[in-house]
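Architecture at a glance
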Amino acid sequence: MSYDLFDVRQYQGESLRDYLNRFGAQMVRSPAIDEEMLVYAFKKGVLPGPFCEALIRGHPATFAEVRRLVVANIADESEVAEKRGSVAPTRPWAQTRIQPQRVLETAAAKKDQRT
């Protein structure tokens, strides 16, 4: 039944790739429906966020256009995830910033010893 497509929703934390795969699997099981209905059902199931906004602004007319937007966003998601996973290098001067504090502590300790 075509109404089953409207029951397919993206889960919290689910990637667009997984949502697209589940939606596609349900499309195969559903009887033939028009492109406009497919696009609407997919939009309805996407979680709110940057991709949803891009999907609304893009006004895709066919499911092929929706799929192109999803594939482009999947590439962006994986690049962002890769960037988050990489370790940021430390600044070389970060260690030198600690030294002046030690100098101040040493100077304060010498001053306390004199008094």
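Bear in mind that the values here come from a model prediction, so they are computed numbers and not experimental data.

Scoring rules and cut-offs
- Residues numbered from 1 in each chain as written.
- Predicted model: local features only at pLDDT ≥ 70, side-chain atom pairs only at ≥ 80, totals over all residues.
- Heavy atoms only, no water.
- Helix = DSSP H or I, 4+ residues; strand = E, 2+ residues; numbered from the N terminus.
- Buried < 20%, exposed > 50% of the residue type's maximum accessible area, 1.4 Å probe, protein only.
- Areas by Shrake-Rupley, 256 points an atom, 1.4 Å probe, with all protein chains shown as cover.
- Contact = heavy atoms within 4.5 Å.
- Salt bridge = Lys/Arg side-chain N within 4 Å of Asp/Glu carboxyl O.
- Core = buried A, V, L, I, M, F, W, Y, C linked by side-chain atoms within 4.5 Å.
- Phe/Tyr/Trp six-rings, centres within 6.5 Å; stacked < 30°, edge-to-face > 60°.
- Arc of directions from axis to C-beta.
- Patch = residues over 30% accessible without salt bridge, like charges linked within 9 Å, V, L, I, M, F, W, Y side chains within 5 Å.
- Lys, Arg positive; Asp, Glu negative; His and termini not counted.
- Charge placed at Lys NZ, Arg CZ, Asp CG, Glu CD.
- pLDDT = per-residue confidence, 0-100.

This brings us to the overall build of the protein chain. In terms of helices and strands, the protein chain carries five helices and zero strands. When the helices and strands of the protein chain are read in sequence order from the N terminus, they spell out α-α-α-α-α. Here the protein chain holds 115 residues, and 24% of them are scored as buried. Looking at the protein chain as shown, the accessible area adds up to about 8,800 Å², and 56% of this sits on carbon and sulfur atoms.

Its location among the elements puts Glu14 in the segment before helix H1 (16-29). Overall, Glu14 belongs to the buried group, its relative accessible area being 14%. Setting aside its immediate chain neighbours within four residues, Glu14 contacts Arg9, Tyr19 and Arg22.

Taken as a whole, this structure holds one salt bridge when the rule is applied. Arg22 is the salt-bridge partner of Glu14, the closest N and O atoms lying 2.8 Å from each other.

Right, let's get into the nonpolar core. In this structure, Phe23, Phe42, Val46, Phe51, Phe63, Val66 and Val70 are the most contacted members of the largest nonpolar core, which totals 19 residues. Apart from residues lying up to four places away in sequence, Val70 is in contact with Leu16, Leu20, Phe42 and Phe51.

This paragraph deals with the packing of aromatic side chains. Here the distance between the centres and the angle between the planes together describe a pair of aromatic rings. Scanning all chains against the criterion turns up six aromatic pairs. With a centroid separation of 6.1 Å and 50° between ring planes, the pair formed by Tyr19 and Phe23 is classed as tilted. Placement of the pair is Tyr19 and Phe23 together in helix H1, with a separation of four residues, close to one helical turn. Taken as a pair, Tyr19 and Phe23 share a single burial class, namely buried. Since its relative accessible area comes to 0%, Tyr19 is described here as buried.

Let us now look at helix H2 (residues 35-45). Buried within H2 we find Leu38, Val39, Ala41, Phe42 and Gly45. What you see down the axis of H2 is that its buried residues fit within an arc of 165°, all on one side.

Here we take up a negative patch on the surface. Side chains of Asp76, Glu77, Glu79 and Glu82 sit close together on the surface and give a patch of like negative charge. Position of Glu77 among the secondary structure elements: in helix H4 (residues 63-85).

We now examine the confidence of the model for the protein chain. In this model, the protein chain carries a mean pLDDT of 80, and residues with pLDDT of at least 70 account for 71%. Mean pLDDT in the protein chain bottoms out at helix H5 (residues 94-114), which sits at 61, and peaks at H2, which reaches 92.

Tracing the chain through its elements places Arg67 in helix H4. Its relative accessible area of 37% is what places Arg67 among the partly exposed residues. Each C-alpha atom, one on Arg67 and one on Val39, is 9.7 Å from the other, the two residues being 28 residues apart in sequence. Every residue in contact with Arg67, bar those within four places of it in the chain, is listed here: Leu20 and Met27.

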